[in-house]
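Descriptive analysis of the structure
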Amino acid sequence: MGPRRTHTKSRTGCQSCKLRKVKCDEAKPNCQNCIRHAVECNYNAPPTAASTPTPGTHTGFSPFVSEAARLNSDANAPSMGMAEMALLHHWSTSTCYTISRHPVLQTVWQTTVPTFGFSYHFVFRGILALAALHLAHLKPELQDQYVDAAEFHHNLALQMVSGTIPQINEENGPAIYLFSTITCIIGCALPRRRDDLWVSNDRIFQWLSLFRGTVSIIASVNESLKSGPLAPMFTLGRRRGLAWEARSTSNQAFLVNLRRLIEEAVEDPTELKCYTDAIDDLGKSFATILEVGSPNCETADIFIWLLRITDRFLSQLQQRTPEALVIFGYYCVILKELESTWWMQGFSIHIIKAIHHHLDEEHRCWLQWPMQQLGWVP
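Residues numbered from 1 in each chain as written. Predicted model: local features only at pLDDT ≥ 70, side-chain atom pairs only at ≥ 80, totals over all residues. Heavy atoms only, no water.

1. Points about the overall build of the protein chain
Within the protein chain, the secondary structure is distributed over 18 helices and zero strands. Burial status across the protein chain gives 52% buried among its 378 residues. Of all intrachain contacts in the protein chain linking residues separated by at least 6 positions in sequence, the fraction that spans at least 24 positions is 73%. (Helix = DSSP H or I, 4+ residues; strand = E, 2+ residues; numbered from the N terminus. Buried < 20%, exposed > 50% of the residue type's maximum accessible area, 1.4 Å probe, protein only. Contact = heavy atoms within 4.5 Å.)

2. As for the nonpolar core
In terms of nonpolar packing, the biggest core is built from 105 residues, with Phe 122, Trp 207, Phe 303, Trp 305, Phe 313, Ile 327 and Tyr 331 touching the most fellow members. If one sorts the elements of this core by residue count, helix α5 (residues 121-138) sits on top with 12 residues. Among the domains, domain 2 (94-191 + 199-224) and domain 3 (242-374) are the pair contributing at least three residues each to this core. In this structure, Phe 122 is in contact with Ala 157, Met 160, Val 161, Thr 164, Ala 175, Ile 176 and Phe 179, ignoring residues within four places of it in sequence. (Core = buried A, V, L, I, M, F, W, Y, C linked by side-chain atoms within 4.5 Å. Domains from an automatic or database assignment.)

3. Some remarks on the pattern of salt bridges
A complete count under the given rule lists 10 salt bridges for this structure. The salt bridge involving Asp 301 is made with Arg 240; its shortest N-O contact spans 2.4 Å. Here the residue Asp 301 occupies a position in helix α13 (residues 299-308), and Arg 240 occupies one in helix α10 (residues 231-245), the gap between them amounting to 61 residues. For Asp 301, a relative accessible area of 4% puts it in the buried group. Within this structure, Glu 245, Lys 284 and Arg 308 form a network of salt bridges that share partners. (Salt bridge = Lys/Arg side-chain N within 4 Å of Asp/Glu carboxyl O.)

4. What about unusual backbone geometry?
With a phi close to 60°, Asn 251 is a non-glycine residue in the positive phi region. On the secondary structure map, Asn 251 appears in the loop between α10 and α11 (253-265). Even without being glycine, Arg 320 reaches a positive phi, approximately 60°. Looking at the element boundaries, Arg 320 is found in the loop between α14 (311-318) and α15 (322-335). What makes Arg 320 partly exposed here is its relative accessible area of 26%.

5. A short note on the packing of α11 against helix α12 (residues 269-292)
Following both chains from N to C, one finds α11 and α12 inclined at 175°, their axes separated by 10 Å at the closest point. One finds that α11 runs roughly antiparallel with respect to α12. In this structure, α11 contributes Phe 254, Leu 255, Leu 258, Arg 259, Ile 262 and Glu 263 to the contact, and α12 contributes Leu 272, Tyr 275, Thr 276, Ile 279, Asp 280, Leu 282, Gly 283 and Phe 286. Partitioned by chemical class, the residues of the contact of α11 with α12 number nine nonpolar, two polar and three charged. (Axes fitted to C-alpha atoms, helices over the stretch in contact; angles between N-to-C directions. Parallel < 35°, antiparallel > 145°, perpendicular 65-115°, else oblique. Nonpolar A, V, L, I, M, F, W, Y, C, P; charged D, E, K, R; others polar.)

6. Quick notes on the confidence of the model for the protein chain
In this model, the protein chain carries a mean pLDDT of 81, and residues with pLDDT of at least 70 account for 78%. Predicted confidence is poor over residues 1-11, with pLDDT under 50, and the contacts of this stretch with residues over four places away or in other chains come to seven contacts. This stretch, residues 44-76, has a pLDDT under 50; its non-local contacts, to residues over four places away or in other chains, come to 79 contacts. (pLDDT = per-residue confidence, 0-100.)

7. Describing the packing of helix α4 (residues 103-119) against helix α7 (residues 173-189)
Where α4 contacts α7, the two axes come as close as 10 Å, and the packing angle between them is 120°. Here α4 lies oblique to α7, going by the angle between them. As for how α4 packs across α7, the hand of that crossing is left-handed. Two secondary-structure elements touch here, α4 through Trp 109, Val 113 and Phe 116 and α7 through Pro 174, Ala 175, Leu 178, Thr 181 and Ile 182. Its residues placed into classes, the contact of α4 with α7 shows seven nonpolar, one polar and no charged. (Left-handed = near helix turned anticlockwise from the far one by under 90°.)

8. Here's the deal with the packing of aromatic side chains
Under the defined criterion, the tally for this structure stands at 14 aromatic pairs. Ring plane angle 55° and centroid distance 5.8 Å describe the contact between Tyr 120 and Phe 122, whose orientation is recorded as tilted. Judged by its relative accessible area of 19%, Tyr 120 falls in the buried class. With a centroid separation of 6.3 Å and 85° between ring planes, the pair formed by Tyr 275 and Phe 313 is classed as edge-to-face. Residue Tyr 275 is found in helix α12, and its partner Phe 313 is found in helix α14; the two are separated by 38 residues along the sequence. You'll find Tyr 275 and Phe 313 in the same group, each marked buried. Put simply, the rings of Tyr 275, Trp 305, Phe 313, Phe 328 and Tyr 331 pair up and form one aromatic cluster. (Phe/Tyr/Trp six-rings, centres within 6.5 Å; stacked < 30°, edge-to-face > 60°.)

Right, here's the structure in full:
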């Protein structure tokens, strides 16, 4: 092995490497770092004192404002070039059609959402991140490079949006809502490890909190969402919500049995009501799937339960009470309906494995019905 090479010219490397504070090999026209992260390699732009987080930390499950966020805009972000244009092209020709089955909503994601990205660059970076993850799914031999690119763009977007969220208003609210939705999808789409859900950390709870945070955004800027460019999303969502509310929950023996088990085990009336309300809402979601049919289910049909559960139930889930975990296990059967989309594949099994891990032998027996429906055997 030869002597260790020292990098004495890192200060004269490309701008992207300087921003990430990594050593540049100064290869031209593109250094290896920029090739690996699928970003434009720029030797000509003036240096800047700003820094960005090093890609490699999965941030799809993180809150909008991370502790490392320092930038209030994208003024110091690396310039975009052909790599970013390739990701945008993939978004417009492929990824935008994978978020919803509804043709109207597909058009919104294809045309309206990128338009927001031209004015709000955190939306644009979010689009690039999701497109990169889609390519990571389609091209497994290049997964590491595309995942790194996705994290790079999403990290930048998180920093850009951090200065906007405290000043949310009717004008910028729709863009913030879009970014929150994109981030929730990224949270589902990021590659998963066996030990990254509840076993070693609380990523799923961060994801749930982020998902439910969209409700606060909607409440803050309700009028601009209902009447602005994103109105088709909310018109269709409102219709699906009204239909969900009206659904009959009769003839659901599997939930009757679950309710009976919980009523026998839980003595506190407030805690019991929290669980039974969650079960009642699960019944409406199961009825929706039965009535509209799996091929016609929309993301709104699947995720409405997450938006309707109470803060008390979410708290019980965070405390890993067995009753809350089992109810969430039943919800995994509903999540399975979205696994035809690339960004949800394997998500339901991933969650129920973690739930099973945290239950004792008695409550694992309670989990038998959803495990059977998912076809998962421990």
